[in-house]
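A look at the structure
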Amino acid sequence: MTLHRVPALGRRLFLATGAAALAMPAIATRGLAQQTFTCRIAHTEGIGTPITNAFDAWTAMLNERSGGRIDAQHFPAAQLGGLAEALEGSRIGTIQATTAGPDSEEAIAPEIAALGGAPGFIYKNEAHVDAVLQGDLGRQASQIARDKTGVEFVAYGETGFRHILAKRPIHSLADLTGLKIRVPQLRIWVDFWTLLGAAPTPLPYNEQYSALSTGIIDAIDSDVFSIEGFRFHEQAKHLTMTGHWFLPKAVRVNAAWLDSLPADLQDVVRSSAQEAFEEQRRVNRALADQTLETLKSNGVEVFVLPAEELAQMEAATVPLFDQFGSVSPETAEMIAAIRALG
């Protein structure tokens, strides 16, 4: 009996083992199909702004178009830290995606910073912006960012052109003389306003409202959405439309994380970002006019600077192009290439 049972048992074990072995590829395949890639999207843009709404849309696209293989999670309004934390996180991969102006790369890649509107008056209008950022220069900047900072610019959003909001009317270049205007704590901004005869006052962004209230400053420069959203118009009622600085927002994705994705998911990330932020740019531009009307209804005087006055402002700041370009030959070349498209 024993001699007959052992082979029978062996046969059953062999069949069971073989069946399990045959099933293993299917199990492994199912496991791979269920693998998910976490995408933490974190930034400092306010809730309800066109930029944040675009990130909401992009998050939904990533989750849907990946079939759940990308688990996109959106943390707006500095929920995971301020701009410095978001930038560093995107570089080292603890945050997979964020947004910031290309000028945030000034210390590492100054040639990219030129695309962030530095120095002022480098962009002439929205058509010029699109020619730069949606063309070869925008793609070149993304590759430079990959090489030098470890992030890829998968798309470009925007907050738009910046204008002067002051406590007194600014109707000419001469009216800027001695104007205490808040600037970021960056040399290029101080130099810009100094050339225009103003008195630039470096302050953190979150101190602008109180500084206007107490008289530490007479003015700020800002996009219209921030003026309305942060209610700066409660402290300053004179808005002069100068369009002196344009702030694009690069949608930054950690390159190592992006490269770790299967090819089809890499395409999902890039194509959906471009789609979401193309719509963001359209909405942003359309809403700018509506926001101006809202500001007017809140008692803000909106003044369009005459062309001859604007030309004088531009001429006064032209030396900054050479100054900023002197950082490196690549930076000078980028500035020249941007201006040539305008």
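The structure this text deals with has already been given above.
Here we summarise the structure given alongside this text. Computed from a prediction, not measured in an experiment: that's the story for all the values here. (Residues numbered from 1 in each chain as written. Predicted model: local features only at pLDDT ≥ 70, side-chain atom pairs only at ≥ 80, totals over all residues. Heavy atoms only, no water.)

Regarding the pairing of strand 8 (residues 238-254)
As a general feature of sheets, a regular strand has side chains that alternate between the two faces. Put simply, the rule is: The buried label applies to any residue whose accessible area, calculated with a 1.4 Å probe on protein chains only, is under 20% of its type's maximum; exposed applies above 50%, and partly exposed to all values in between. Runs of E in the DSSP output that reach at least two residues are strands. Runs of H or I that reach at least four are helices, and both are numbered from the N terminus. Two strands form a pair only when DSSP identifies at least two bridges running between them.
Most of strand 8 sits out of view: 17 of its 17 residues are buried. Alignment of strand 3 (residues 97-100) against strand 8, held across four bridges, turns out to be antiparallel. By the bridge assignment, Ala100 is partnered in strand 8 with Ala250. Across 13 bridges, strand 4 (residues 151-166) lies against strand 8 in antiparallel orientation.

Observations regarding helix 11 (residues 263-297)
What sets the pattern is the α-helix's 3.6 residues per turn: residues three or four places apart point alike. Rule in force here: To estimate the expected span of a helix, subtract one from its residue number and multiply by 1.5 Å.
For helix 11, with 35 residues, the first-to-last C-alpha span of 51 Å sits near the 51 Å given by 1.5 Å per residue. Backbone geometry just downstream of helix 11 places Gly299 in the positive-phi region, at approximately 90°.

Describing the nonpolar core
Stated formally: Residue types Ala, Val, Leu, Ile, Met, Phe, Trp, Tyr and Cys, when buried and joined through side-chain atoms within 4.5 Å, form a set referred to as a nonpolar core. Between two residues, a contact is recorded if the distance between any of their heavy atoms is within 4.5 Å.
Ranked by size, the top nonpolar core spans 46 residues in total, and within it Leu115, Tyr123, Phe153, Leu176, Trp193 and Ile338 carry the most contacts. Counting residues per element, this core draws most heavily on strand 4, which supplies six residues. Ignoring sequence-local partners within four residues, the contact set of Leu176 consists of Ile164, Ile170, Trp193, Leu196, Gly197, Ala198 and Met313.

Examining the environment of Arg162
Here Arg162 lies in strand 4. In this structure the C-alpha to C-alpha distance between Arg162 and Ile220, which are 58 residues apart in sequence, comes to 9.6 Å. Excluding anything up to four places from it in sequence, Arg162 contacts Arg182, Trp189, Asp221, Ser222, Asp223, Thr242, Gly243, His244, Trp245 and Leu247.

Remarks on unusual backbone geometry
The omega angle of the peptide bond from Ala118 to Pro119 is -5°, so this bond is cis rather than trans. Along the polypeptide, Pro119 turns up in the loop between helix 4 (110-113) and helix 5 (126-133). In the Ramachandran plot, Ala78 falls in the positive-phi region, its phi being about 60° despite a non-glycine side chain. Note that Ala78 resides in the loop between strand 2 (70-75) and helix 3 (83-92). The phi dihedral of Arg231 falls on the positive side, at around 60°, and the residue is not glycine. Locating Arg231 in the fold gives a position in the loop between helix 9 (224-229) and strand 8.

As for the pattern of salt bridges
Put simply, the test is: Salt bridges are defined as contacts in which a side-chain nitrogen from Lys or Arg sits within 4 Å of a carboxyl oxygen from Asp or Glu.
One pass over the full model with this rule turns up 19 salt bridges. Across the pair Glu105 and Arg91 runs a salt bridge whose closest N-O atoms are separated by 2.8 Å. With Glu105 in the loop between strand 3 and helix 4 and Arg91 in helix 3, this pair connects stretches of sequence that are 14 residues apart. For Arg285, the salt bridge identified is with Glu158, shortest N-O distance 2.8 Å. Taken together, the residues span a long stretch of sequence, with Arg285 in helix 11 and Glu158 in strand 4 at a distance of 127 residues. Through salt bridges with shared partners, a single network forms among Glu126, Asp130, Glu158 and Arg285.

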